[in-house]
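Topology and contacts: notes
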Protein chains: 2
Amino acid sequence: MTTQMHEVSAPALTLAGFLDHWLGHRRLTRRVIAAFPEDQLFTFSAAPPMRSFGEMGGELHFVSAMTLDGLLSGEWKEPAWAAAPRTQAELLAAWDALSARIEAEFGQIDPAMFGRVAPLPWGEMPGWVAAIYAVDNEVHHRGQGYVYLRALGTEPPAFYGR
Amino acid sequence: MTTQMHEVSAPALTLAGFLDHWLGHRRLTRRVIAAFPEDQLFTFSAAPPMRSFGEMGGELHFVSAMTLDGLLSGEWKEPAWAAAPRTQAELLAAWDALSARIEAEFGQIDPAMFGRVAPLPWGEMPGWVAAIYAVDNEVHHRGQGYVYLRALGTEPPAFYGR
């Protein structure tokens, strides 16, 4: 082991790497949404008063849409929470439409946006922090969805599957 | 919105950014471990036969230690699972010692390691994939810990707190 200190401005993750990371997590989250029995997705909680996984999924959808739009335009608008999907079919349709948008439009994001301050509705942070936070928040709530599925007696999708 | 496609080899996340990301998540996970009643950390499950959060925490500790050692040395050794911490005090002590090592030794990692193939015990992947996977796995299981805490009637630490 060397004791030399290396340059830490080198990239750990490129934009292409981040896009793969984001889309891979979205594919797994889609499988978790789809794994729920339709009549439990918006009603069941493994630890009331925690929200249903369907309600969490609506939040994840809105935050990801805001993140794509924010990185593209520089405008980070409070999501229209009241318009959240209310059924499994609605949530999956919204999910797929946004995944297609991310895949098509991510390359249009100005790389400088990742270093610029992003004015989110809940505070200012660098664009890359907002982007990685959106994915982390998805992983966090999806982990909760795994407990809900286990409590419902359903085997969740493999975590490493992307 | 421009329709120009931008260079996607630009960094989304620098090594310094990744270090902050990793340590910030570790600080939050430490708070979650500490929030458990001592007699529930290694016994309670919100959805048996899921593991206790203490057992998950041992896994997270070992995988993070393997990740630091692997990025430093190029050797990714199967963790000594049988030596896992068995009490809250042991887990917190192991956690703190590793956080101190990450902070002190991360700058000694050759940046090329993030692009090189890392031979993990469960498969080969680029170093940065192994690194971000370790953090994702932590966020995933910590999210499960939040459900356990709620089921135990304990308010978990704020997700955005780092």
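Below or above, wherever it landed, is the structure these notes cover. These figures come from a predicted structure and were not determined experimentally.

Observations regarding the nonpolar core
Ranked by internal contacts, the top residues of the largest apolar core, which has 92 residues, are Tyr-148 of chain A together with Tyr-148 of chain B. Dropping the residues within four chain positions of it, Tyr-148 of chain B is found in contact with Val-147 of chain A together with Phe-36, Phe-44, Ser-45, Ala-46, Met-50, Arg-51, Ser-52, Phe-53 and Met-56 of chain B.

Let's talk about the pattern of salt bridges
Considering all chains together, one arrives at 13 salt bridges over all chains under this definition. In this structure, Arg-116 of chain B engages Asp-110 of chain B in a salt bridge whose closest nitrogen and oxygen atoms are separated by 3.9 Å. Each member of the salt-bridge network shares a partner with another, and the members are Asp-69, Arg-101 and Glu-105 of chain A.

Focus: the packing of aromatic side chains
Under the criterion given, the structure shown has 18 aromatic pairs over all chains. Aromatic side chains Phe-18 of chain A and Trp-22 of chain A sit 5.7 Å apart centroid to centroid with 40 degrees between the ring planes, which places their arrangement in the tilted category. Of this pair, Phe-18 of chain A and Trp-22 of chain A both sit in helix α1 (residues 15-35), separated by four residues, roughly a single helical turn. Here the two residues Phe-18 of chain A and Trp-22 of chain A agree in accessibility, since each one is buried. Aromatic pair Trp-22 of chain A and Phe-106 of chain A: ring centres 6.4 Å apart, planes at 75 degrees, arrangement edge-to-face. Taken together, the residues Trp-22 of chain A in helix α1 and Phe-106 of chain A in the loop between α3 (88-105) and β2 (117-120) connect sequence positions 84 residues apart. What makes Trp-22 of chain A buried here is its relative accessible area of 1%. Through pairs of rings, three or more aromatic residues link up here, namely Phe-18, Trp-22, Phe-106 and Phe-114 of chain A. We note Arg-162 of chain A situated over the ring of Phe-159 of chain A; from NZ or CZ to the ring centre the distance is 4.8 Å. The ring of Trp-95 of chain B carries Arg-26 of chain B above its face, with NZ or CZ at 4.2 Å from the centroid.

The rules we used
- Residues numbered from 1 in each chain as written.
- Chains lettered and ligands numbered in written order.
- Predicted model: local features only at pLDDT ≥ 70, side-chain atom pairs only at ≥ 80, totals over all residues.
- Heavy atoms only, no water.
- Core = buried A, V, L, I, M, F, W, Y, C linked by side-chain atoms within 4.5 Å.
- Buried < 20%, exposed > 50% of the residue type's maximum accessible area, 1.4 Å probe, protein only.
- Contact = heavy atoms within 4.5 Å.
- Salt bridge = Lys/Arg side-chain N within 4 Å of Asp/Glu carboxyl O.
- Phe/Tyr/Trp six-rings, centres within 6.5 Å; stacked < 30°, edge-to-face > 60°.
- Helix = DSSP H or I, 4+ residues; strand = E, 2+ residues; numbered from the N terminus.
- Lys NZ or Arg CZ within 6 Å of the ring centre and 35° of its normal.

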